[in-house]
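Spelled out from the first residue to the last, the chains are:
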Amino acid sequence: MCGIVGYVGHREASGFLLEGLRRLEYRGYDSAGVAIADQAGHVSICKTTGRIERLASALAGSPLHGSIGIGHTRWATHGAATEGNAHPHVGGEHVVTICHNGVIENYQQLKSRLESEGYVFQSATDTEVIAHLVTECLEKECVDEEGKDSQEPYASLVTAVKAALSQLRGTYGLVLMFRDYPGVILAARLGSPLVLGIGDDEHFIASDASPLAGYADKIVYLSDHQIAVVTADSVQVTHRDHGDVRHSVESLQVKTPAVDLGGYSHYMLKEIYEQPESLKNAMRGRLTEDDATAMFGGLNLTPQQLGGVKRIILTACGTSWHAALLGEYLIEEFARIPVEVEYASELRYRNPPVDPGTLVFAISQSGETADTLGAIREMKRKGHRTLAICNVVGSSIAQEADGGVYLHAGPEIGVASTKAYTSQCMVLALLALYFGRMRHLSVDAGMRIINAFHALPSKVRAALQTEEECKRIAAKYCHANNFLYLGRQYNFPTALEGALKLKEISYIHAEGYPAAEMKHGPIALVDESTPSVFIVPQGFVYDKVMSNIEEVKARGGPVIAVVEHGDTRVAELADDVISVPSVEEFVQPIVSTIPLQLLSYHIALMRGCDVDKPRNLAKSVTVE
Ligand code: F6R
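Residues numbered from 1 in each chain as written. Predicted model: local features only at pLDDT ≥ 70, side-chain atom pairs only at ≥ 80, totals over all residues. Heavy atoms only, no water.

### Some details on the sheet that holds strand S20 (residues 358-364)
- The five strands are arranged S19-S18-S20-S21-S22 in an open sheet whose pairing can be described as parallel. Strands with a single pairing partner mark the edges of an open sheet, and in this sheet they are strand S19 (339-343) and strand S22 (403-406). The mean angle between the axes of side-by-side strands here comes to 20 degrees, regardless of whether they run parallel or antiparallel.
- Pairing between strand S21 (residues 385-390) and S22: four bridges, direction parallel. Considered in S22, the bridge of Ile389 is made with Val405.
- Sheet strands in contact with helix H12 (residues 370-381) are strand S18 (311-316), S20 and S21, and its direction is about 165 degrees off that of S20.
- Each of S18, S20, S21 and S22 touches helix H14 (residues 419-438); the most contacted strand, S20, lies at about 160 degrees to it. (Pairing = 2+ DSSP bridges. Helix = DSSP H or I, 4+ residues; strand = E, 2+ residues; numbered from the N terminus. Axes fitted to C-alpha atoms, helices over the stretch in contact; angles between N-to-C directions. Contact = heavy atoms within 4.5 Å.)

What follows is the structure in structure tokens.
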């Protein structure tokens, strides 16, 4: 979703701004723009719809020179994806130029008032309201006495920005440049992340750390209600209500992203193939044979606190929610702790009774999902311990939680989550073992689980060999308009995830169900043109799923089945069979997911879809 960059220093700003926007592309966007001030302080803006490369070509044709600037990738919320609605936006007679992430909920009322006072709006965005409000506050000198008298060169700017921000209801990550103050950028945050990169006589601003790698080795994470005054040689941070604050400078952990495709045609395919390695990384250093358990460095809870956990809530969105569902099955099975899985968007506004002794896990690849962040904050407010399972180090959710576990899956660039999903499943399986061994699980049982974990990466590698078969099946069914995905028990989440993968990158309608639920409605969809994908590993529900396959076949529906090596029964019924290695039932969903990812990938490719950047989707959903 929207991304922000900013630069003030001694080089041409356009270099960092464009490279930073490219690195934020993965978040999803539909237009982009930059504003750069020349030596005389004159601000020029360049905006385009579509990909960053269009913006780069426009800038190559008419370069903007200057060593201070801001840039933005926009994912439309208020107003269509047009050049006019792209950021940056200006207030008044170019008094202020801004880029904004987030949503301003009361923008309509503010817009009406500003229009009645003569401000002319050029766009349909909520953002433009902020630009005019700041202008109003600067022009009307909504500057308190302290601001006027202060020796600080930018005190009046800060006071005006505070006055404008205090009128907003909603969320913002905001960067502002000023016509009459050419050497400074202000950055403000409420609910939408912003970081500052500290260089030598230069400073960088971004909505996450990825643009900073290779430019700065120190980072400042702004907190909500903080406003930073950034010049080439200084950073000063002030709190909306408490005045100046000492900001802590941390070393930047993010390495320069491996942006090359490594010979793959898409990031999604590359990331699918990285799974044997990403699973190893999720386990690395977290298994101990001595105690037949898992161990974690960052939970920040005493053994007594962990032993006293009576209930677990797993909250997440989308694919991460599917991982949470598998986590529920595993934790309840291994540890006998009651688990609930909650959509973060629901949990944050619900008021469920939550007893003391409840532990809340937020699961998020990006660590920036607005709803998941909102849910964890709400749970914290109510006094519950919160832990994060995130991929992006230093992300907002990781910072907000009391502790947590990183996936160590490496950057996931493809919008459709693949390796992060299997790593989330892996980390939840490790947690299930950990909680289980703190309770009733025997050493023997613990060792059996550990052995299954160790074997997993090579089994996943073997499952990747199904690609040719998946391609063949994709060619057969890529013109279908509807798909059903059906699985039971541990593979119910696999069915949900398979359906989501297909719909998000190929735009085919797909639904996932527990296989037996099919009879209660979805079976009405079954006909000769609606393929059903069954996940049918060996196990105690195998015969039940076989009956569900019979039910689909009896109605003429084509059946694609994911089975374990050596299975011959399913092939007698199914139209197409994909065979994956046998593993213990509790890790089978991780193996079975691989061909479903490959199937979606090839179907999307055959339909000519933009696999890595599917329409309307954002990698990091920073608005609710
Ligand atoms: C689907 C997908 C999304 C995300 C969801 C949550 O492939 O990627 O459904 O899983 O937007 O994102 P995170 O995990 O970053 O909180």
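### A few points about H14
- With 20 residues, H14 extends 29 Å between its outermost C-alpha atoms, agreeing within 8% with the 28 Å of an ideal straight helix rising 1.5 Å per residue.
- Counting buried positions along H14 yields 18 of 20 residues, so the element is predominantly enclosed. (Expected span 1.5 Å × (residues − 1). Buried < 20%, exposed > 50% of the residue type's maximum accessible area, 1.4 Å probe, protein only.)

### Looking at the packing of aromatic side chains
- One pass over the full model with this rule turns up 14 aromatic pairs.
- The interplanar angle of 55 degrees and the centroid separation of 5.3 Å between the aromatic rings of Tyr7 and Phe204 together place this pair among those described as tilted. Separated by 197 residues along the polypeptide, Tyr7 in strand S1 (residues 3-8) and Phe204 in strand S10 (residues 203-206) bring together distant segments of the chain. Phe204 carries the same exposure label as Tyr7, and that label is buried.
- Considering the side-chain rings of Phe453 and Phe586, the 6.4 Å spacing of their centres and the 85 degrees angle between planes classify their relative orientation as edge-to-face. Taken as a pair, Phe453 in helix H15 (residues 443-463) and Phe586 in the loop between strand S27 (576-580) and helix H20 (588-606) lie far apart in primary sequence, 133 residues in all. We note that Phe453, like Phe586, is buried.
- Among the aromatic residues, those joined into a ring-pair cluster are Tyr7, Phe16, Phe204 and Tyr215. (Phe/Tyr/Trp six-rings, centres within 6.5 Å; stacked < 30°, edge-to-face > 60°.)

Function cannot be read off these values alone, since they describe shape.
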